[in-house]
Amino acid sequence: MKITAAVIAGLALSAASFATGRIVITEWMYQGAEGEFIEITNVGTSAIDLAGWSFDDDSRIPGVFDLSGAGVVAAGQSVLLVESTAAAFRAAWNLDSSVVILDQYTNNLGRADEINIFDNSGLLVDRLTYGDTVFPGTIRTQNTSGWTTPGFLGLNDVTGWFFSTLGDLQGSYFSANGDLGNPGVYVIPTPGAAALMGMGALVATRRRR
């Protein structure tokens, strides 16, 4: 992954640019010991009711997996979509009942795939197209999740996503089964911290390949 002016600019953007409510993809792992997961977060300043919202993979069909069960998502709150049962996922990651989990989706992710979030009108709200074979040099989220900084949220640019690392700005940690990530919470870094993290994460990403 090259350190470009666009990457640096994206890392430095402040979360203050997200006015009102806004649901975006903030973390994902396409394959893990306790199954895959997707984290979506309301990075805006107002609550959003997810009644009628949905998720799909690269088939891009609204309504395939219903997100209505998440209810009203407060500003700053994250929701997890998981392949396993909610109980098993909570146990593996030591998550309490305050973390909202929608479980047992069957439109599973692959190594090269898409995450699509649709609103209650079937309109696309956020998409992440990924794959280390499709976009050479990008992360492969197998047993280690990926996350990004505010400047890349909602851009569908996987080159701006980084591997989770132990104790990073998201507080990433190992699950009971050895996966590495921080599902259930998205911490919006300050612009300065995001820029510093970005440089370190780019180096770490290269070393891990």
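1. Focus: the overall build of the chain
The secondary structure content of the chain amounts to 3 helices and 14 strands. Classification of the 209 residues of the chain by burial places 50% in the buried group. Relative to all contacts within the chain whose residues are 6 or more apart in sequence, the contacts with residues 24 or more apart total 62%. Of the roughly 8,600 Å² of accessible surface on the chain, a fraction of 56% belongs to carbon and sulfur atoms.

2. Some details on the sheet that holds strand 1 (residues 23-29)
Strand order in the open sheet formed by 6 strands is 8-7-2-1-11-12, with mixed pairing between adjacent strands. Two strands close off the open sheet at either side, each with one partner strand: strand 8 (100-102) and strand 12 (161-163). In this sheet, neighbouring strand axes are inclined to one another by 30 degrees on average, regardless of whether the strands run parallel or antiparallel. In terms of strand pairing, strand 11 (residues 146-148) meets strand 12 through 3 bridges, oriented antiparallel.

3. Notes on the nonpolar core
By size, the foremost hydrophobic cluster in this structure holds 27 residues, and its most contacted members are Trp-28, Phe-55, Leu-67, Leu-81 and Ile-117. Every element with two or more residues in this core is listed here: strand 1, strand 2 (37-42), strand 7 (78-82), strand 9 (113-118), strand 10 (124-130) and strand 12. With 3 residues, strand 1 is the single largest residue contributor to this core. Not counting residues up to four positions away in its chain, the partners in contact with Ile-117 are Ile-23, Ile-25, Ile-40, Trp-53, Ser-54, Phe-55, Leu-67, Leu-81, Leu-123, Leu-124, Val-125 and Asp-126. In terms of nonpolar packing, the next biggest core, distinct from the first, is built from 11 residues, Val-82, Ala-86, Trp-93 and Ile-101 among them.

4. Notes on the sheet that holds strand 5 (residues 65-66)
Taken together, the 4 strands give an open sheet; going across it, the order is 5-4-9-10, and neighbouring strands pair in antiparallel fashion. Bordering the open sheet on either side are strand 5 and strand 10, each of which pairs with just one other strand.

5. Concerning helix 2 (residues 86-93)
All of the buried residues along helix 2 are Ala-86, Phe-89, Ala-92 and Trp-93. Each buried residue of helix 2 lies within a common arc of 130 degrees when the element is viewed along its axis, so the set occupies one face. What points out from helix 2, more than 90 degrees from its buried face, is the exposed set Ala-87 and Ala-91. Contact partners of the buried residues in helix 2: strand 1, strand 2, strand 7, strand 8, strand 13 (173-174) and strand 14 (180-181). Just downstream of helix 2, Asn-94 is the residue with a positive phi angle, here 55 degrees.

6. Considerations on unusual backbone geometry
With phi around 60 degrees, Arg-60 is a residue other than glycine that occupies positive phi space. Structurally, Arg-60 can be placed in the loop between strand 4 (54-56) and strand 5. Even without being glycine, Asn-156 reaches a positive phi, approximately 55 degrees. Along the chain, Asn-156 falls in the loop between strand 11 and strand 12. The class of Asn-156 is partly exposed, set by a relative accessible area of 34%.

7. Quick word on empty space enclosed by the protein
One pass over the structure, following the stated rule, counts 1 cavity of 30 Å³ or more. Residue lining of the largest cavity: Ile-25, Asp-126, Arg-127, Leu-128, Phe-152, Leu-153, Gly-154, Leu-155, Asn-156 and Trp-161, and that is the complete set. Residue contributions to the lining of the largest cavity peak at 3 residues, all from strand 10. Here the lining of the largest cavity is built from residues that sort into 6 nonpolar, 2 polar and 2 charged.

8. Let's talk about the side chain of Asn-42
Mapped onto the secondary structure, Asn-42 falls in strand 2. The buried category is assigned to Asn-42, whose relative accessible area is 0%.

The rules behind each value
- Residues numbered from 1 in each chain as written.
- Predicted model: local features only at pLDDT ≥ 70, side-chain atom pairs only at ≥ 80, totals over all residues.
- Heavy atoms only, no water.
- Helix = DSSP H or I, 4+ residues; strand = E, 2+ residues; numbered from the N terminus.
- Buried < 20%, exposed > 50% of the residue type's maximum accessible area, 1.4 Å probe, protein only.
- Contact = heavy atoms within 4.5 Å.
- Areas by Shrake-Rupley, 256 points an atom, 1.4 Å probe, with all protein chains shown as cover.
- Pairing = 2+ DSSP bridges.
- Axes fitted to C-alpha atoms, helices over the stretch in contact; angles between N-to-C directions.
- Core = buried A, V, L, I, M, F, W, Y, C linked by side-chain atoms within 4.5 Å.
- Arc of directions from axis to C-beta.
- 1 Å grid on protein atoms, 1.4 Å probe; cavity = no way out; pocket = protein on both sides within 12 Å on 5 of 7 lines; lining within 4 Å.
- Points joined across faces, edges and corners; volume = space filled by probe spheres on them.
- Nonpolar A, V, L, I, M, F, W, Y, C, P; charged D, E, K, R; others polar.

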